[in-house]
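Chains, contacts and geometry: an overview
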Protein chains: 2
Amino acid sequence: MILEALDRQSVVPLYYQIQQHLLGQVRSGALKSGQPVPSEQEISARLGVSRMTARQALKSLCELGVAYSQRGKGTFVSAIKLEKDFRRVLSFSEEMQKRGARPRSKVLSFEISPASVETAEALHISPADKVIRLRRIRMANSLALGIECSHIPAGLCPDLVENFDPRTSLYRTLASRYGIEIAITDEVAEAGLAKAEEARLLRIAKGSPVFLFTRTSYVHSGKPVEFVKSIYRADRYKIVNRLTRSRKTASEGRN
Amino acid sequence: MILEALDRQSVVPLYYQIQQHLLGQVRSGALKSGQPVPSEQEISARLGVSRMTARQALKSLCELGVAYSQRGKGTFVSAIKLEKDFRRVLSFSEEMQKRGARPRSKVLSFEISPASVETAEALHISPADKVIRLRRIRMANSLALGIECSHIPAGLCPDLVENFDPRTSLYRTLASRYGIEIAITDEVAEAGLAKAEEARLLRIAKGSPVFLFTRTSYVHSGKPVEFVKSIYRADRYKIVNRLTRSRKTASEGRN
DNA sequence: ATAGGCTAGTTGTATAGACAAGTAGGGGTG
DNA sequence: CACCCCTACTTGTCTATACAACTAGCCTAT
């Protein structure tokens, strides 16, 4: 039985219950790749919901990348594995935990100072404005992976310096303590060679290949809230991405 | 006047006409960041469409990242620039043209041969199966940027070897000639140092920093159709990404 | 002055129905 | 056998309506 009863008393929307149930069927293997997902009509009839609600459930499945719809044919389970951790905005801590490593950090410096020109530009503030600057060595299972330097406008979280515990996640602190939820991160990655100081901190040879990241994070409204420059060992760190085509909303390539 | 009349005779869906019109207003600056987009009710009343259609237009705007909705408050223009070319699946030719450079390629080899183990695994075929292997130097304005080696299952496009013009885009040929539309690309980027042969072809010093890419592209159904290994000069090439948070379909973080 | 409630406006969810457009298959006709 | 049409089923678009949940501002009673 692919479909099961809904909880109409729940605060969870019906379409979301349906989506989660189908998602479970896919993950458990009851629905295999290439197989058709129940049609809008069938969901509608079997669960006693309107076709638009069934449709919303299927559409959300497609947006997750789990399925795809073909007009006139049906909706089918995609063969692409979800498990390959294609990237989202993840904090270092989250990312490491997901890979099963124990994330740790060593704080190199933590201070309030005027923004550099580059930082001011990225954060849309004046160079006279102060920023909180946090420089850390990032480690997984006590192996140094990279050096990260975060900049946050001091006005956003005035008492962060006193209250932040460097062992915890900066992202989570921003979210829980200040209600700052990061929605989008723009990232530029370059490849380069480790300089002397960096090599010493990362315990690698000078001139080893490294990644150089420049990241700016924004809240939903588009206001920038964090600017990060970091350097990572290329022998221990890869960039994994999933790129999607166009993402037109109008069904299939309309123009 | 933010809203204008619709063409009800057109084959273009109403919600898409509305979305495109609003998108134009944002691009032209008539709608600035932070400003509210017309509400569902207003669109509905002014254009004589149902609220659901107006809603679909706004939702599609949000999916493009141009706007964001807040329950009880409204829908607002996001401050994040579209222009920064956050990545999608772009062929090399498309990417270069977008940056205003003249893309060129020099074909190093073009042949049919049995798949290597790595290629077979990526393409979900047997090592006994044959693949079309195309190795090219990628250039922008006659400057060598990288070396790309594409592998395509020979069964997909049997006569490609005879008919392909290396000066054109491989992606566009696949699409127009064989109806193969790439939907998703998984990419792994590593940083490394140029080896002797690579350095010679790219006209850089041996040991210069380079990007190493491993890309697999899939059609909508999830079937892999192309596997590419490439190497790019790090001094002329950067990776630009936009990462988005979670993308839950249920409005805001429901769990 | 403050706390509370009321109201108007907004998005989120859900229903029921309609027509259009595309696919696949069966069956009849040539 | 080959071709065409018709039918059943699918997703895509659109309408009209309803209620829920949330926001912001105004107004009143305390």
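Before any of the text, the structure's been laid out above.
Okay, so let's go over this structure. Every value quoted in this text rests on a predicted model; they were computed, and no experiment measured them.

Here we have 7 strands laid out as an open sheet, ordered β9(A)-β6(B)-β7(B)-β8(B)-β5(B)-β4(B)-β3(B), and antiparallel in their pairing. Both outer strands of the open sheet, β9 (239-244) of chain A together with β3 (103-114) of chain B, are each paired with one neighbouring strand and no more. Each adjacent strand pair in this sheet contributes to an overall mean axis angle of 20°, direction not counted. In this sheet, strand β8 (residues 224-233) of chain B lies alongside strand β5 (residues 143-153) of chain B in antiparallel orientation, the contact comprising 6 bridges.

Turning our eyes to something else, we now look at the pairing of strand β7 (residues 209-219) of chain A. Residue and element names in this part refer to chain A. Counting buried positions over the 11 residues of β7 gives 9, a clear majority of the element. Taken together, the 11 bridges between strand β6 (residues 182-193) and β7 define a ladder with antiparallel strand orientation. Paired with aspartate 186 across the two strands is threonine 216, which belongs to β7. Pairing of β7 with strand β8 (residues 224-233), which is carried by 9 bridges, proceeds in the antiparallel orientation. Bridge pairing in β8 links arginine 215 to valine 228. The antiparallel pairing of β7 with β8 creates a hairpin that spans 4 residues between the two strands, and glycine 222 there sits at a positive phi of about 100°.

The subject of this paragraph is the sheet that holds strand β9 (residues 239-244) of chain B. Read from one edge to the other, the open sheet built from 7 strands follows the order β3(A)-β4(A)-β5(A)-β8(A)-β7(A)-β6(A)-β9(B), with strand pairing classed as antiparallel. This sheet does not close on itself; its edge strands, each paired only once, are β3 (103-114) of chain A together with β9 of chain B. For this sheet, the mean angle separating the axes of adjacent strands, direction not counted, is 20°. Where β6(A) meets β9(B), 6 bridges bridge the pair, whose relative direction is antiparallel. Bridged to A:Ala189 within β9(B) is B:Ile239.

To continue, consider helix α1 (residues 14-28) of chain B. Three or four residues apart is the spacing at which side chains of an α-helix point the same way, because the helix has 3.6 residues per turn. Residues and elements named next belong to chain B. In a regular helix each residue adds 1.5 Å, so 15 residues correspond to 21 Å; α1 covers 21 Å between its end C-alpha atoms and thus fits that length. By the burial criterion, the buried members of α1 are Tyr15, Ile18, Gln19, Leu22, Gln25 and Val26. Considered in projection along α1, the buried side chains sweep an arc of 120° and stay on one side of the axis. In α1, the exposed residues that point more than 90 degrees away from the buried face are Gly24, Arg27 and Ser28. Looking at the buried residues of α1, the elements they touch are α2 (40-47), α3 (51-63) and β2 (74-77). Looking one or two places after α1, you find glycine 29, whose phi comes out positive at around 95°.

On to the protein's contact with DNA strand D, then. For DNA strand D, the set of nearby residues contains 23 residues, the closest of which are A:Ser39, B:Pro13, B:Leu14, B:Thr53 and B:Gly72. If you list the elements that add at least two residues to the surface near DNA strand D, you get α2 (40-47) and β2 (74-77) of chain A together with α1 and α3 of chain B. Taken together, the residues of the surface near DNA strand D sort by class into 7 nonpolar, 10 polar and 6 charged.

Among the secondary structure elements, A:Lys73 is positioned in the loop between β1 (67-70) and β2. Overall, the presence of 9 C-beta atoms within 10 Å leaves A:Lys73 in the exposed class.

What follows covers unusual backbone geometry. Even without glycine at this site, A:His124 takes up a positive phi of about 60°. Turning to its location among the elements, A:His124 is positioned in the loop between α5 (117-123) and β4 (130-140). Look at A:His124 and you get partly exposed, because 15 C-beta atoms sit within 10 Å. Notably, B:Arg203 is not glycine yet its phi reads approximately 60°, a positive angle. Inspection of the secondary structure puts B:Arg203 in the loop between α8 (196-202) and β7 (209-219). Of the residues examined, B:Arg203 has 9 C-beta atoms within 10 Å and is grouped as exposed.

Conventions we followed
- Residues numbered from 1 in each chain as written.
- Chains lettered and ligands numbered in written order.
- Predicted model: local features only at pLDDT ≥ 70, side-chain atom pairs only at ≥ 80, totals over all residues.
- Pairing = 2+ DSSP bridges.
- Helix = DSSP H or I, 4+ residues; strand = E, 2+ residues; numbered from the N terminus.
- Axes fitted to C-alpha atoms, helices over the stretch in contact; angles between N-to-C directions.
- Buried ≥ 20, exposed ≤ 12 C-beta atoms within 10 Å, placed from the backbone.
- Expected span 1.5 Å × (residues − 1).
- Arc of directions from axis to C-beta.
- Contact = placed C-beta atoms within 7 Å.
- Near = placed C-beta within 6 Å.
- Nonpolar A, V, L, I, M, F, W, Y, C, P; charged D, E, K, R; others polar.

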